[in-house]
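Given next are the chains, with one letter for each unit.
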Amino acid sequence: MGAHRMQVVGISASVVVGTLLLVALWALLRRLHARERELERKAQELAVSRAAEQRLCEELVEARRAEEEARRAREEAVTASRSKSAFLANMSHELRTPLNSILGFAQLVERDPSLADRHRENLAVICKSGEHLLGLVNDILEMAKIEAGRMTLVDAEFDLHDTLSGLSEMFAVEAQKRGLTLTVEREQDVPRHVHGDEGKLRQVLINLLGNALKFTPRGSVTLRASARRVAGTREGGTVDGGAHDGAAGRVRVSFEVTDTGRGMAKEELAELFEAFAQTATGRQSREGTGLGLHISRRIVRMMGGDIRVESQVGRGTTLRFDVRLSLVDAPDARAGGATPRSIRAVGLSPGQPRYRVLVVDDRWDVRHCLLKLLDSVGIEVRSATNGLGAVAQWETWAPHLVLLDLRMPLLDGYEAASRIKSSPRGHETVVVAMTASAFEQNRALAAEAGCDDFVSKPFRDADILGLLTKHLGARFEYEERPAEPGAAQGAPAVDLARAAAGLPAALRKDLRRAATRLDAKAVQATIDRFRPEDADLAGAVAELARGYRFDSILALSSADEEEPS
């Protein structure tokens, strides 16, 4: 019995132990399954993380590639900009330098009082063609400067009344030749002495007046100027309670150029200010580059205004713009005054010192032209071919004024000016920089080097002599310039358009055909046919032919086909 119980107890214990073992095993299996699931989940998360890391690496590589491409693009853009600027500077120098010689030597020859009239006529054609070429070069260079972002304003004090008078004188002869009435109207509120970029303002006005005269076959061209003072300025251009200051007050000056020409259609006005775009009238004239109005608008916008246009076909065109200028007090009159416009200097006035001028340029033609000009008016002059020679001549000869080219071998003008001005004695010498570059920034670089003034090539006689008056107080004796070939002496202007309209239709047709072919001989032959009946008209048209103004002849000979103005 006891043994049986022991056996039962043993079996029960075995069952309990087995059960416990099974429970423990089951729990262990559950934990193993849970662990496996956890490992699988972590493996999936790791896979997702690795995929994300892979995508991140790919994006980082792509970002680095894009950054590298952007860096290369920036470097290429900077290199291209530098190359363009260098090309522009070189082209400016290469184009302006020969023009300087052409115009300079033409002016030298023109100063010869023994020059025959026929040679003077030829010189007038050379000068006019050179000025026309210079205008085209300037338009192209201005456009390149705009694209390169290098156009800047060069502000200085100037006489606005004198500027407007000069424009009237400049275009008076052209208007007379075309039989047009040119009027320059200036309201009383337009200030005389202002501060701004006179050169660029003149450039805009010259372009607008030139276009108006070019495209007006009959009638008139009028330039009007008015002004509106900014609040805070008193009458006369002074500011309440303020001393003289270059920006003492502000004024908005408005200009309006009106003509009675052919006019333009509405569809043409939309592209009037586009670069290289020309209207139908402009294409017919076969002149210009289509850049003038585009550049003019950019300049006006830089000066705080804009250009607006109104036009009707057959009735004419009006262009208006305004600019912001600063008011200044009337400057003291400088010794010698302004160089007269219509007369030329023949020598120094009595009682003046013997002025010494040093001309420094690596080009023989520039040196020779300046030497001849200065010597002809009684200036003692020497020359040097580079900056080293300039410094040596300055040390031994002590010139009053140095005309210094900026681009030269061995030692350029900037360094030469710096060496001269670094000496105490150098402060007594006036150094004027000369350059054929198109960039105004050369003025700032020249000023940093110590230069007292700046003159751009090609320059004119009056520019050089004006520097002597401005900086040395030199005074000159003048004589009247010879009359312009073909200009009537004391006679009223011939109304060319009206006179041409009176010619027989056959003569107008032959004249038109000859002008269209640019055949000067055929034009002259046609002129000879109507010379006995109208000598004044024949002489005027012959003068246009000598100036190669076939566009004007074509306009006159086509006068009967135009709509009445």
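Residues numbered from 1 in each chain as written. Predicted model: local features only at pLDDT ≥ 70, side-chain atom pairs only at ≥ 80, totals over all residues. Heavy atoms only, no water.

What to know about the overall build of the protein chain
- Helix and strand counts for the protein chain stand at 17 helices and 14 strands.
- Within the protein chain, buried positions represent 41% of all 565 residues.
- In the protein chain, the share of contacts with a sequence separation of at least 24, taken over all contacts with a separation of at least 6, comes to 74%. (Helix = DSSP H or I, 4+ residues; strand = E, 2+ residues; numbered from the N terminus. Buried < 20%, exposed > 50% of the residue type's maximum accessible area, 1.4 Å probe, protein only. Contact = heavy atoms within 4.5 Å.)

Notes on the pattern of salt bridges
- All told, the structure shown has 22 salt bridges when counted by the stated rule.
- Note that Arg-192 is salt-bridged to Asp-159, the shortest N-O span being 2.9 Å. Here Arg-192, found in the loop between strand E2 (181-186) and strand E3 (193-196), pairs with Asp-159, found in strand E1 (residues 156-159); they are 33 residues apart in sequence, far enough to count as distant.
- Residue class for Arg-192 comes out partly exposed when judged on its relative accessible area of 42%. (Salt bridge = Lys/Arg side-chain N within 4 Å of Asp/Glu carboxyl O.)

Focus on a nonpolar patch on the surface
- Nonpolar side chains collect at one region of the surface, where Leu-25, Leu-28, Leu-29 and Leu-32 lie side by side and expose about 350 Å² of accessible area between them.
- If you trace the backbone, Leu-32 turns up in helix H1 (residues 2-110).
- Since its relative accessible area comes to 44%, Leu-32 is described here as partly exposed. (Patch = residues over 30% accessible without salt bridge, like charges linked within 9 Å, V, L, I, M, F, W, Y side chains within 5 Å. Areas by Shrake-Rupley, 256 points an atom, 1.4 Å probe, with all protein chains shown as cover.)

Quick word on the packing of aromatic side chains
- Under the criterion given, the structure shown has one aromatic pair.
- For the pair Phe-255 and Phe-321, a centre-to-centre distance of 5.1 Å together with 25° between the ring planes defines the contact as stacked. Of this pair, Phe-255 sits in strand E5 (residues 249-259) while Phe-321 sits in strand E7 (residues 316-327), and the two are 66 residues apart along the sequence.
- Overall, Phe-255 belongs to the buried group, its relative accessible area being 2%. (Phe/Tyr/Trp six-rings, centres within 6.5 Å; stacked < 30°, edge-to-face > 60°.)

Looking at the confidence of the model for the protein chain
- On average, residues of the protein chain score 75 in pLDDT, and 71% of them reach the 70 mark or higher.
- Low pLDDT, under 50, characterises residues 560-565; the predicted model gives this stretch 13 contacts beyond four residues in sequence or across chains. (pLDDT = per-residue confidence, 0-100.)

A few points about unusual backbone geometry
- Here Ala-398, not a glycine, exhibits a phi torsion of approximately 55°, which is positive.
- Mapped onto the secondary structure, Ala-398 falls in the loop between helix H9 (387-397) and strand E11 (401-405).
- Overall, Ala-398 belongs to the partly exposed group, its relative accessible area being 29%.
- At Leu-410, a residue that is not glycine, the phi angle is positive and equals roughly 65°.

What about the packing of H9 against helix H10 (residues 413-421)?
- The interhelical angle for the contact between H9 and H10, taken along N-to-C directions, is 20°, at an axis separation of 9 Å. What the angle tells us is that H9 and H10 run roughly parallel. Relative to H10, H9 is oriented so that their crossing is right-handed. Facing H9, whose interface residues are Gly-387, Leu-388, Val-391 and Trp-394, H10 presents Ala-416, Arg-419 and Ile-420. (Axes fitted to C-alpha atoms, helices over the stretch in contact; angles between N-to-C directions. Parallel < 35°, antiparallel > 145°, perpendicular 65-115°, else oblique. Left-handed = near helix turned anticlockwise from the far one by under 90°.)

Description of the environment of Phe-454
- Here Phe-454 is to be found in strand E13 (residues 453-456).
- Its relative accessible area of 11% is what places Phe-454 among the buried residues.
- Residues Phe-454 and Leu-467, 13 residues apart in the sequence, show an inter-C-alpha distance of 9.4 Å.

Re the nonpolar core
- Of all hydrophobic cores here, the largest spans 35 residues; its most connected members are Leu-201, Phe-255 and Phe-321.
- Sorting the residues of this core by element identifies helix H3 (160-177), helix H4 (198-214), strand E4 (220-229), E5, helix H7 (292-302) and E7 as the ones contributing at least two each.
- Of all the elements, H4 adds the most residues to this core, at seven residues.
- Not counting the four nearest positions on each side in its chain, Phe-321 is found in contact with Leu-201, Val-204, Leu-205, Leu-208, Val-253, Ser-254, Phe-255, Val-300, Asp-306, Ile-307 and Arg-308.
- With 26 residues, the next largest nonpolar core counts Leu-374, Val-430, Leu-465 and Leu-467 among its residues. (Core = buried A, V, L, I, M, F, W, Y, C linked by side-chain atoms within 4.5 Å.)

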